[in-house]
Amino acid sequence: MADEHGQSGTGPEATAPPDELLQRLRRFHDDYFPGVADQFQDLVRDGQHPTILFIGCSDSRIVPYLLTGTGPGELFIIRNVGAFVPPYDGSAGYHGTAAAIEFAVLNLKVARIVVCGHTHCGGIRALYEDPPAQAVNLKAWLELGREAVLPVQVTEEALRRTEQRAIVLQLERLMGYPMVRERVEAGKLALHGWHYVLEDGEVHVFDVKSGRFLPTAHAQHSGTGPYEPYVDQAPPAGA
Ligand SMILES: [Zn+2]
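Just so we're clear, the structure is a prediction, and the values are computed from it rather than from any experiment.

1. Description of the overall build of the protein
A count of helical and extended segments in the protein gives seven helices and six strands. When the helices and strands of the protein are read in sequence order from the N terminus, they spell out α-β-α-β-α-β-α-α-α-α-β-β-β. Considering only intrachain contacts with a sequence separation of at least 6, the fraction spanning at least 24 residues in the protein is 58%.

Shown next, in the form of structure tokens:
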């Protein structure tokens with residue numbers, strides 16, 4: 001969001017250095033919120049009914065609302081390093097991503113799950129490097145992308161392909177969640193694999209039939225699958 005360089009709050013405490021973040025919060029409340037207050041009050045009264053679970057990388061350059069033209073109440077969002085989905089292995093613990101998937105599918109009954117990776121992903125690049133020794137959780141987490149790694153020299157091309165392979169891998173893992181599989185099989189839930197090309201502002205969607213990522217300009221739908229039993233069938237309830 002473009003903003004002119006914070007000139008607004010010359011308050012009484014002018015001696016303290018301006019807290020830019022505080023100014024932004026005030027600007028949101030004073031300038032922006034009045035225009036959308038009704039919308040938020042409706043969302044509070046009626047509750048949230050998002051139809052899309054968006055699983056995206058934590059990368060600051062991905063702005064899901066901009067990308068999808070959505071607004072308040074429309075996306076249920078999980079973000080983590082690499083846009084990874086942990087396997088549904090029956091273990092219960094502090095599994096934030098798994099918990100949010102369960103909530104989105106079982107409680108919110110979303111109709112779509114998007115896994116959105118992107119170009120120049122630090123999480124994917126890190127698969128080819130050694131993380132800092134102190135980052136024990138990061139090191140473990142990155143293993144969720146390990147299968148996508150190519151046994152080649154690290155090049156920009158190899159990184160792009162790894163990013164895409166990782167997205168497909170996460171979609172496959174999603175199918176390991178019983179509540180996801182059930183709803184996909186019933187045609188009530190569609191899976192979408194997106195590779196967002198930051199520099200072009202274009203999403204390449206995974207096409208199950210061709211097994212390729214197609215730019216939205218050429219894609220026939222916003223993505224479905226993949227999951228072994230369905231690869232050769234028509235995509236369920238896509239758009
Ligand atoms: Zn990333």
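So, next bit.
2. Topic: the environment of His 49
Among the secondary structure elements, His 49 is positioned in the loop between α1 (20-46) and β1 (52-57). Look at His 49 and you get exposed, because 12 C-beta atoms sit within 10 Å. Residues His 49 and Asn 107, spaced 58 residues apart in sequence, show a C-alpha to C-alpha distance of 9.8 Å.

3. Regarding the packing of helix α3 (residues 96-107) against helix α7 (residues 178-185)
Packed helices, taken two at a time, are described by their axes: the angle between them and the distance between them. It is the contact of α3 with α7, at a shortest axis distance of 9 Å, that shows an interaxial angle of 35 degrees. The two elements α3 and α7 meet at a crossing, and its hand is left-handed. Judged by residue contacts, Glu 102, Val 105 and Leu 106 of α3 engage Met 179, Val 180 and Arg 183 from α7. The residue makeup of the contact of α3 with α7, split by class, is four nonpolar, no polar and two charged.

4. Section: the sheet that holds strand β5 (residues 202-207)
Strand order across the open sheet formed by six strands is β2-β1-β3-β4-β5-β6, with mixed pairing between neighbours. Single-partner strands in this sheet number two, and they are β2 (75-80) and β6 (212-215). Ignoring which end each strand starts from, the neighbouring axes of this sheet average 25 degrees apart. By the bridge criterion, five bridges tie β1 to strand β3 (residues 112-118) in an arrangement that is parallel. Pairing of Ile 52 across the sheet is with Arg 112, part of β3.

5. Re the nonpolar core
Formed by 46 residues in total, the largest nonpolar core has its most connected members in Ile 55, Ile 113, Val 115 and Cys 116. Among the elements of the structure, β1, β2, α3, β3, α6 (156-174), α7, β4 (190-197) and β5 are those that each provide at least two residues to this core. Residues contacting Ile 55, with those up to four places away along its chain left out, are Ile 78, Ala 83, Val 85, Ile 113, Val 114, Val 115 and Cys 116.

6. What about the environment of Val 114?
By secondary structure assignment, the location of Val 114 is in strand β3. Exposure remark for Val 114: the 27 C-beta atoms within 10 Å place this residue in the buried category. For Val 114 and His 192, which are 78 residues apart along the polypeptide, the C-alpha to C-alpha distance reads 4.5 Å. In this structure, Val 114 is in contact with Ile 52, Phe 54, Ile 55, His 192 and Trp 194, ignoring residues within four places of it in sequence.

7. Re α3
Over its 12 residues, α3 extends 16 Å from the first C-alpha to the last, a length consistent with the 16 Å expected when each residue adds 1.5 Å. Residues of α3 that are buried: Ile 101, Ala 104 and Val 105. Within α3, the buried residues cover an arc of 90 degrees as seen down the axis, which keeps them to one side. Opposite its buried face, α3 presents the exposed residues Gly 96 and Asn 107, each directed more than 90 degrees away. On the buried face of α3, the contacting elements are β1, β2 and α7. Positioned one or two residues after α3, Lys 109 has a phi angle of 55 degrees, which is positive.

8. Examining the pairing of β3
The buried fraction of β3 amounts to six of the seven residues, a majority that puts the element mostly inside the structure. Strand direction decides the pairing type here: β3 and β4, joined by seven bridges, are parallel. Residue Val 115 lies in a different strand from β4, and its bridge partner there is Gly 193.

Conventions we followed
Residues numbered from 1 in each chain as written. Predicted model: local features only at pLDDT ≥ 70, side-chain atom pairs only at ≥ 80, totals over all residues. Helix = DSSP H or I, 4+ residues; strand = E, 2+ residues; numbered from the N terminus. Contact = placed C-beta atoms within 7 Å. Buried ≥ 20, exposed ≤ 12 C-beta atoms within 10 Å, placed from the backbone. Axes fitted to C-alpha atoms, helices over the stretch in contact; angles between N-to-C directions. Left-handed = near helix turned anticlockwise from the far one by under 90°. Nonpolar A, V, L, I, M, F, W, Y, C, P; charged D, E, K, R; others polar. Pairing = 2+ DSSP bridges. Core = buried A, V, L, I, M, F, W, Y, C linked by C-beta atoms within 7 Å. Expected span 1.5 Å × (residues − 1). Arc of directions from axis to C-beta.

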